[in-house]
Amino acid sequence: MSKKEKIKEYEKAEQAAAENGDGRKDERDTVQIEVDSVESLQKKLDESLAESQQHYDRLLRVSAEFDNFKKRSVREADEFRKFANEALLRDLLHVVDNLERAIASAGESSDANACVVEGVAMTRDEILKIFSKFGVTPVEAVGKPFDPAYHQAVMQEETDAHPENTVVNEMQKGYLLHDRLLRPAMVVVAKAISPA
């Protein structure tokens, strides 16, 4: 029986008692107690619904925070895997530099053993293949505008052949690991000829 029905029943009982005068006070008291208990139960139900809504809102927030944590963890793990070999690759760059120097110095000498030079070049090429497999790429420098984010200027050269602040020579190659700078290129930058 709903609250309204109980109230109507109570009112009817009071009206009948007033008309008949038969003294149905006990019945009215019982109805009043039932109405009071229904109101009390309704109040408890409303409090329980409010509390359950608070718990549901809290659950949604915790769930969203957990989803964000999972996404962040995956992103951090990907970043770690992507750059985990950075120290090893940076050390191998010196080996590549030495191989390139050996090839360059052998090219200047006419009595150099061609087979040795070819072997050194093949070794260098294999290491460069491994670099590309792990996402290491050389930084383009010669003929490009000087960019301090990727180039390290070690000298300036006065020249009219190139625009000012253009890289005219590369003394040591720079490399990127994916999108992160592994080592800047050591370059010579063009400078306008100063009037005498």
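Everything below is about the structure printed above this text.
Reading the values: rules and limits
- Residue positions within a chain follow its written sequence, with the count starting from 1.
- Where totals are concerned, whole chains, interfaces and linings use all residues; where local detail is concerned, this predicted model gives features only for residues with pLDDT of at least 70, and gives and counts side-chain atom pairs only at 80 or more.
- Hydrogens and waters are ignored; side-chain quantities use all the structure's heavy atoms.
- In short, DSSP must find at least two bridges between two strands for them to pair.
- Helical segments are the DSSP runs of H or I of at least four residues, strand segments are the runs of E of at least two, and each set is numbered from the N terminus.
- Helix axes use the C-alpha atoms of the stretch in contact, all axes being lines fitted to C-alpha atoms, and the angles between their N-to-C directions lie in the range 0 to 180 degrees.
- Basic side-chain nitrogens of Lys or Arg form a salt bridge, by our definition, when they fall within 4 Å of a carboxyl oxygen of Asp or Glu.
- Side-chain atoms within 4.5 Å link the members of a nonpolar core, which is a set of buried Ala, Val, Leu, Ile, Met, Phe, Trp, Tyr and Cys residues.
- To sort residues, take the accessible area from a 1.4 Å probe on protein chains only and compare it with the maximum for the residue type: under 20% means buried, over 50% means exposed, and anything in between is partly exposed.
- Whether two residues touch is decided by their heavy atoms; if any such pair falls within 4.5 Å, the residues are in contact.
- For patch detection, residues must exceed 30% relative accessible area and be free of salt bridges, and they are connected within 9 Å for like charges or within 5 Å for nonpolar side chains (Val, Leu, Ile, Met, Phe, Trp, Tyr).
- Only the protein chains shown count as cover for residues, and the accessible areas themselves come from Shrake-Rupley with a 1.4 Å probe.
- For Phe, Tyr and Trp, rings pair up if their centres lie within 6.5 Å, where Trp contributes its six-membered ring, and each pair is then called stacked (planes under 30 degrees apart), edge-to-face (over 60) or tilted (otherwise).
- Given the number of residues in a helix, its expected span is that number minus one, multiplied by 1.5 Å.
- Directions are taken from the helix axis to each C-beta atom, and the arc is the one they span.

Turning our eyes to something else, we now look at the sheet that holds strand 1 (residues 136–138). Here three strands make up an open sheet; going across it, the order is 1-4-5 and the pairing antiparallel. A strand with exactly one partner marks an edge of an open sheet, and here the two such strands are strand 1 and strand 5 (180–183). Recorded for the sheet is a direction-independent mean angle of 35° between the axes of neighbouring strands. Of the strand pairs in this sheet, strand 1 and strand 4 (residues 175–177) are connected by three bridges, and their pairing is antiparallel. The residue of strand 4 that forms the bridge with Thr-137 is Leu-176.

Moving on: the pattern of salt bridges. Inspection of every chain in the model, using the stated rule, returns four salt bridges. Residue Glu-100 is joined to Lys-173 by a salt bridge in which the shortest nitrogen-to-oxygen separation is 3.9 Å. Taken together, the positions of Glu-100 in helix 3 (residues 86–108) and Lys-173 in the loop between strand 3 (167–172) and strand 4 put the pair 73 residues apart, joining distant regions of the chain. The closest approach of N and O atoms between Glu-126 and Lys-129, which form a salt bridge, is 3.4 Å. Pair noted here: Glu-126 and Lys-129 are both in helix 4 (residues 114–133), with a separation of three residues, about one helical turn.

What follows concerns the nonpolar core. Counting 14 residues, the largest nonpolar core has Leu-89, Phe-131, Val-136, Tyr-175, Leu-177 and Leu-182 as the members making the most contacts within it. Broken down by secondary-structure element, the contributors of at least two residues to this core are helix 3, helix 4 and strand 4. Considering each element in turn, this core owes the most residues, five residues, to helix 3. Once residues lying within four places of it in the same chain are set aside, the contact partners of Leu-182 are Glu-86, Leu-89, Arg-90, Leu-93, Val-136, Tyr-175, Leu-176 and Leu-177.

With that settled, the discussion passes to a nonpolar patch on the surface. Together, Tyr-56, Leu-59 and Leu-60 make up a nonpolar patch on the protein surface, roughly 310 Å² of accessible area in all. According to the relative accessible area criterion, Leu-60 is partly exposed, its value standing at 44%.

This brings us to the packing of aromatic side chains. Within the structure shown, the criterion is met by two aromatic pairs. Between Phe-131 and Tyr-175 the ring centres are 6.1 Å apart and the planes differ by 70°, which places this aromatic pair in the edge-to-face class. Linking Phe-131 in helix 4 with Tyr-175 in strand 4, this pair joins segments that are 44 residues apart in sequence. Owing to a relative accessible area of 2%, Tyr-175 belongs among the buried residues under this scheme.

The pairing of strand 4 with strand 5 spans three bridges and is antiparallel. When the sheet's bridge partners are listed, Tyr-175 is paired in strand 5 with Arg-183. Remark: two residues form the turn of the hairpin made by strand 4 and strand 5, two consecutive strands paired antiparallel; His-178 in that turn has positive phi of roughly 60°.

This part is about unusual backbone geometry. Comment: phi is negative for the bulk of residues other than glycine, and the bulk of peptide bonds are trans. Positive phi values are uncommon outside glycine, yet Asn-165 reaches one of about 65°. Of note in the backbone geometry, His-178 takes a positive phi value of approximately 60° without being a glycine. The residue His-178 is located in the loop between strand 4 and strand 5 in this model.

On to helix 4. The periodicity of an α-helix, 3.6 residues per turn, causes residues three or four positions apart to be oriented the same way. End to end, helix 4 covers 29 Å across 20 residues, agreeing with the expected 28 Å (1.5 Å per residue, within 8%). When helix 4 is considered as a whole, its buried residues turn out to be Val-120, Ala-121, Ile-127 and Phe-131. One face of helix 4 carries all of its buried residues, which in axial projection span an arc of 125°. Along helix 4, the residues that are exposed and aim more than 90 degrees away from the buried face are Ala-114, Cys-115, Lys-129 and Lys-133. Trailing helix 4 by a residue or two, Gly-135 shows a phi angle of about 85°, which is positive.

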